[in-house]
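The residues making up each chain are set out below.
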Amino acid sequence: MKAELVLQDLKRRFPNEPEYHQAVQEVLESIEEIYNQHPEFEKANLIERLCIPDRIFSFRVTWVDDKGNTHTNMGYRIQHCNAIGPYKGGLRLHASVNPSILKFLAFEQTFKNSLTTLPMGGAKGGSDFSPKGKSTAEIMRFCQAFMLELWRNIGPDTDVPAGDIGVGGREVGYFFGMYRKLAREFTGTFTGKGLTFGGSLIRPEATGYGNVYFLLEMLKTKNIDIKGKKCLVSGSGNVAQYTCEKLIELGAIPVTLSDSNGYIYDPEGITIEKLEYVKELKELYRGRISEYAETYGCKYVPSARPWGEKGDIALPSATQNEINGEDAKKLVANGVIAVSEGANMPSTPEAIEVFQQAKLLYAPGKAANAGGVSVSGLEMTQNSERISWSAEEVDKKLKWIMQNIHENCVKYGTEKDGYVNYVKGANIAGFMKVAKAVMAQGIV
């Protein structure tokens with residue numbers, strides 16, 4: 001297998017899908033050497049089978065707003081690979097959603113889920129509908145209309161969706177309620193559910209907490225203490241909030257948050273009290289992060305991201321490609337020692353190259369942000385057994401999973417000079433498990 005030739009063919013067959021091409025390129029370049037050590041993979045055309053999704057559903061979603069006007073959005077579900085377990089991945093509601101973004105997310109999800117050691121395949125879905133500015137009733141009607149089209153293609157042993165950008169506990173509740181009515185069953189078909197109907201403790205916190213747990217493992221390899229370290233966090237949603245919460249608990253100092261309009265820089269540090277304000281701002285009022293700056297009298301920079309500020313650790317927790325090559329150079333110049341990704345593919349290939357050339361501790365999202373889907377897997381287990389675990393028990397299992405992912409990254413990613421290439425390690429570890437499962441199940 002020559003990675004460049006495979007990528008060229010995918011670009012020819014699936015043009016105008018840059019995010020998908022980017023995700024595939026990163027994985028192919030990392031696994032090329034080990035793939036070529038297995039001629040049986042090439043004979044079975046394994047790489048092409050793992051790059052192209054099993055199936056793609058696309059459908060029209062028609063809903064009515066509060067004024068009686070009818071609107072139409074597109075809905076999608078990408079079922080990428082279920083060789084090691086039922087399809088598993090979130091639903092994203094955002095104006096930017098398109099097939100390219102969802103194909104990249106589903107592709108990444110397949111190997112991320114493999115890394116968790118839990119029996120889950122990879123999928124992703126969503127719509128170009130944006131909840132921003134919509135009433136609760138409008139969001140409910142949209143979610144119900146979306147589920148009218150999707151429900152036949154999901155189920156506890158088939159495909160288990162969850163939340164993502166624009167989809168929190170409220171939206172999951174609406175999706176699940178409509179699924180339950182249509183399917184006439186109460187099963188663990190969704191994760192991220194409310195605690196009153198099968199949700200798991202620690203699930204809202206899991207992606208942010210897990211990212212910090214992975215960061216701690218990286219810092220241990222250099223005997224670095226996280227206490228007192230200034231942390232640049234992007235985003236202000238669920239992942240960013242709980243990343244900050246765990247950082248504060250461990251004695252680190254988060255100093256930035258952001259949204260699509262700009263970022264705040266609080267040199268005194270974001271405290272638990274200030275973080276509670278952010279949670280209230282976002283969850284109750286759907287406010288903007290600029291209001292934090294107005295309330296606490298700190299710096300606010302519109303139409304920008306926080307990567308030019310000075311800090312010790314960067315935790316991008318917003319969206320894909322939010323750190324480009326120039327941003328990465330600023331981070332390195334300002335003395336950042338580690339970058340741990342809470343979002344999916346937030347760093348461009350140029351940025352990753354800068355981080356690795358500088359020998360930074362750099363954790364890609366498929367490893368560092370796997371905590372969310374890990375606890376989703378634990379929620380599936382609890383649903384299957386009709387039991388609930390304590391927060392301490394779930395958190396303990398989450399820590400163990402993140403430590404195990406780190407160990408596998410070190411195992412496959414340690415280079416001759418001792419530097420751990422976490423991108424390579426994560427890709428190889430995730431790929432080999434899926435590849436062996438696919439090979440064992442024949443040409444299907």
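Conventions used here
Residues numbered from 1 in each chain as written. Predicted model: local features only at pLDDT ≥ 70, side-chain atom pairs only at ≥ 80, totals over all residues. Heavy atoms only, no water. Phe/Tyr/Trp six-rings, centres within 6.5 Å; stacked < 30°, edge-to-face > 60°. Helix = DSSP H or I, 4+ residues; strand = E, 2+ residues; numbered from the N terminus. Buried < 20%, exposed > 50% of the residue type's maximum accessible area, 1.4 Å probe, protein only. Lys NZ or Arg CZ within 6 Å of the ring centre and 35° of its normal. UniProt positions renumbered as here; feature names shortened; annotations may be inferred. Contact = heavy atoms within 4.5 Å. Polar contact = N/O pair within 3.5 Å; in protein donor to acceptor, adjacent residues only side chain to side chain. Domains from an automatic or database assignment. Buried area = accessible area lost by both parts, 1.4 Å probe. Salt bridge = Lys/Arg side-chain N within 4 Å of Asp/Glu carboxyl O. Nonpolar A, V, L, I, M, F, W, Y, C, P; charged D, E, K, R; others polar.

**Considering the packing of aromatic side chains**
- Using the criterion set out here, one finds 20 aromatic pairs in the structure.
- Pairing F175 with F190 gives two aromatic rings, centres 6.0 Å apart and planes at 10°, and the pair type is stacked. Taken together, the residues F175 in helix 7 (residues 169-183) and F190 in the loop between helix 7 and helix 8 (206-220) connect sequence positions 15 residues apart. No difference in accessibility class separates F175 from F190, as the two residues are buried.
- With 5.1 Å between their ring centres and 80° between their planes, F176 and F186 make a pair best called edge-to-face. Pair noted here: F176 is in helix 7 and F186 is in the loop between helix 7 and helix 8, with a separation of ten residues, a long-range link.
- Assessed through its relative accessible area of 45%, F186 is described here as partly exposed.
- Through pairs of rings, three or more aromatic residues link up here, namely F59, W63, F129, F142, F146, F175 and F190.
- Cation over ring: K134 sits above F129, and NZ or CZ is 5.0 Å from the ring centre.
- Lying over the aromatic face of W389, K397 brings its terminal NZ or CZ to 4.8 Å of the ring centre.

**Focus on the UniProt feature "site: Important for catalysis" (unreviewed entry) in the chain**
- The sites that carry the UniProt feature "site: Important for catalysis" (unreviewed entry) are, in the present numbering, D164.
- For D164, the location among the structural elements is in the loop between strand 5 (159-162) and helix 7.
- Setting aside its immediate chain neighbours within four residues, D164 contacts G90, L91, R92, K124 and N344.
- A polar contact of 3.1 Å, which involves the side chain of D164, links it to the side chain of K124.

**Re the domain arrangement of the chain**
- Along its sequence, the chain is organised into domain 1 (1-52 + 423-443), domain 2 (53-183) and domain 3 (205-368).
- Spacing between the C-alpha centres of domain 1 and domain 2 amounts to 25 Å.
- Note on domain 1 versus domain 2: buried area summed over both sides is about 1,700 Å², and carbon and sulfur give 67% of it.
- When the area that domain 1 buries against domain 2 is broken down by residue, the three leading residues are E19, K433 and V434, summing to 28%.
- At the junction of domain 1 with domain 2, the criterion picks out one salt bridge.
- With a closest N to O distance of 2.9 Å, E17 and K103 form a salt bridge.
- Summed over the shared surface of domain 1 and domain 2, the result is seven residue pairs in polar contact (both at pLDDT 80 or more).
- For the side of domain 1 that touches domain 2, the leading source of residues is helix 17 (residues 422-440), giving eight residues.
- Residue classes in the side of domain 1 that touches domain 2 are distributed as 15 nonpolar, three polar and four charged.

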